[in-house]
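What follows is each chain in one-letter form.
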Amino acid sequence: MRRNLTVLSLAIYAVATGLFSSPVLADDHVINLYSARHYPTDELLYSDFTKATGIKINRVDSDDAGIIARLKAEGSASPADLILLVDAARLWRGEVDGMFLPVNSKTLEAAIPATLRSKPTKDGTAWFGLSTRARVVVYDKLKIKREDVDTYEELGDPKNKGKLCIRSGSHPYNLSLFGAMTEHLGVEKTEAWLKGMVDNMARAPKGGDTDQIKAVASGECGIAVSNTYYLARLMRSTNPADIAVMERVGVVFPNQQSWGTHVNVAGGAVARYSKNQANAVKFLEYLISPAAQNHFANGNNEWPVVQGLKLDNPALQAMTGGSFKSELLPIRIVGMNQIKVQQMLDRVGFK
Ligand code: FE
């Protein structure tokens, strides 16, 4: 009895201290992955990698902010080897806060366009975009004319008063969109545009992108902003409610006549204190292989960062009509503008 109790209390101690769940020693066959990719279709990516290499992936799921906070709290004792985040603003933040270990990989540099990764230093590149997503406008086909919402600028135009639904301005997807606008328009015009959007809101910001799309379909709002993969997910759904949503809403890739539609990245970096660095780089290189890039595209409805791959995704095909013009800003500059953007949001009362 006593022995059983000792075993039990040891087991409780081990779980409580994370002894079993967070190995901190180097191990040839392990990667400790902290991932903000909240997409169930990614499971296949991880299992295929393990099958091909024998390297097991221990995954911790959180959102971008949660992962960065955890890395800070853990410091040099962090077991993390690889970080996956879903936005340029957060990737930039992780780089600036010293969370990443710069990598020198000819494979990654050759495959990923320079605009979709951090600026290389003498030590290497801090983070790499692995897939892209566009931030587009959704509108009620019954009430809104497409030509009134085919630029981002029009989201803040008084003609669209009382019609706009959008998630929180401080969400990384919006910080990056607004950071891109700051590059295109300058601070003064961007702030006026943000103020215009606040004036145009149908309701205070709440929920995620899918909630905004559904609010357009229900008639609560006329216009919303969403990442493309949420739309593609609804387009591929067989649920009658989702089908009805997509029948009601139109999708516009804004600014096709000017600088192009805003595109953000999901990306990866090796953790600063990784004990399994070689494995982490191997995993990043695997993620830009044609098979993994295709899986990003077909599984989570993103676009590959590797150019020239044939895309076999009918929803993305239908949404874009084949292709669209995307803005060509280096994504790191977009991430860098987030502090300026947050100050503007505070000034205009964009929650
Ligand atoms: Fe998302």
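Residues numbered from 1 in each chain as written. Predicted model: local features only at pLDDT ≥ 70, side-chain atom pairs only at ≥ 80, totals over all residues. Heavy atoms only, no water.

Any chance you could explain the pairing of strand β3 (residues 82–85) here in plain terms?
Two faces, one strand: in a regular strand the side chains alternate between the faces of the sheet. Residues Leu82 and Leu84 point to one face of β3 and Ile83 and Leu85 to the other, with burial holding for every one of them. Here three bridges tie strand β1 (residues 30–35) to β3, and the two strands are oriented parallel to one another. Across the sheet, Ser35 pairs through a bridge with Leu84, a residue of β3. The pairing of β3 with strand β9 (residues 263–271) spans four bridges and is classified as antiparallel. By the bridge assignment, Leu84 is partnered in β9 with Gly268. (Buried < 20%, exposed > 50% of the residue type's maximum accessible area, 1.4 Å probe, protein only. Helix = DSSP H or I, 4+ residues; strand = E, 2+ residues; numbered from the N terminus. Pairing = 2+ DSSP bridges.)

Can you walk me through the state of the cysteines in this structure?
For the coordinates displayed, the defined rule picks out one disulfide. Disulfide partner of Cys165: Cys221, at an S-S distance of 2.0 Å. With the S-S bond torsion at -85 degrees, the cross-link from Cys165 to Cys221 turns out left-handed. Taken together, the residues span a long stretch of sequence, with Cys165 in strand β6 (residues 164–165) and Cys221 in the loop between α8 (209–217) and β7 (223–227) at a distance of 56 residues. This pair shows no difference in class: Cys165 is buried, exactly as Cys221 is. (Disulfide = S-S within 2.5 Å.)

Can you walk me through unusual backbone geometry in this structure?
Trans peptide bonds make up the majority, and among non-glycine residues the majority have a negative phi. With a phi close to 60 degrees, Asn255 is a non-glycine residue in the positive phi region. Positionally, Asn255 belongs in the loop between β8 (249–252) and β9. Note on Asn255: relative accessible area 1%, which makes it buried. Here the phi dihedral of Asn301 falls at roughly 60 degrees; this positive angle occurs in a residue that is not glycine. Position of Asn301 relative to the elements: it lies in the loop between α12 (290–300) and β10 (303–304).

Quick question: what am I supposed to make of the domain arrangement of the protein chain here?
Note: interface size is frequently given as the accessible area lost on complex formation between the parts. Here the protein chain is described as being made up of domain 1 (7–131 + 264–317) and domain 2 (134–261 + 326–348). The C-alpha-based centres of domain 1 and domain 2 are spaced at 28 Å. Contacts between domain 1 and domain 2 engage 26 residues on the former and 22 residues on the latter. Regarding the contact of domain 1 and domain 2, the summed buried area is about 2000 Å², with carbon and sulfur atoms giving 60% of it. Our count for the domain 1 to domain 2 interface comes out at zero salt bridges. At the boundary of domain 1 with domain 2, the tally comes to 10 residue pairs in polar contact (both at pLDDT 80 or more). Of all the secondary-structure elements, those providing two or more residues to the side of domain 1 that touches domain 2 are α4 (88–96), β9, α12 and α13 (314–320). No other element matches α4, which puts five residues into the side of domain 1 that touches domain 2. Its residues assigned to classes, the side of domain 1 that touches domain 2 comprises 12 nonpolar, nine polar and five charged. (Domains from an automatic or database assignment. Contact = heavy atoms within 4.5 Å. Buried area = accessible area lost by both parts, 1.4 Å probe. Salt bridge = Lys/Arg side-chain N within 4 Å of Asp/Glu carboxyl O. Polar contact = N/O pair within 3.5 Å; in protein donor to acceptor, adjacent residues only side chain to side chain. Nonpolar A, V, L, I, M, F, W, Y, C, P; charged D, E, K, R; others polar.)

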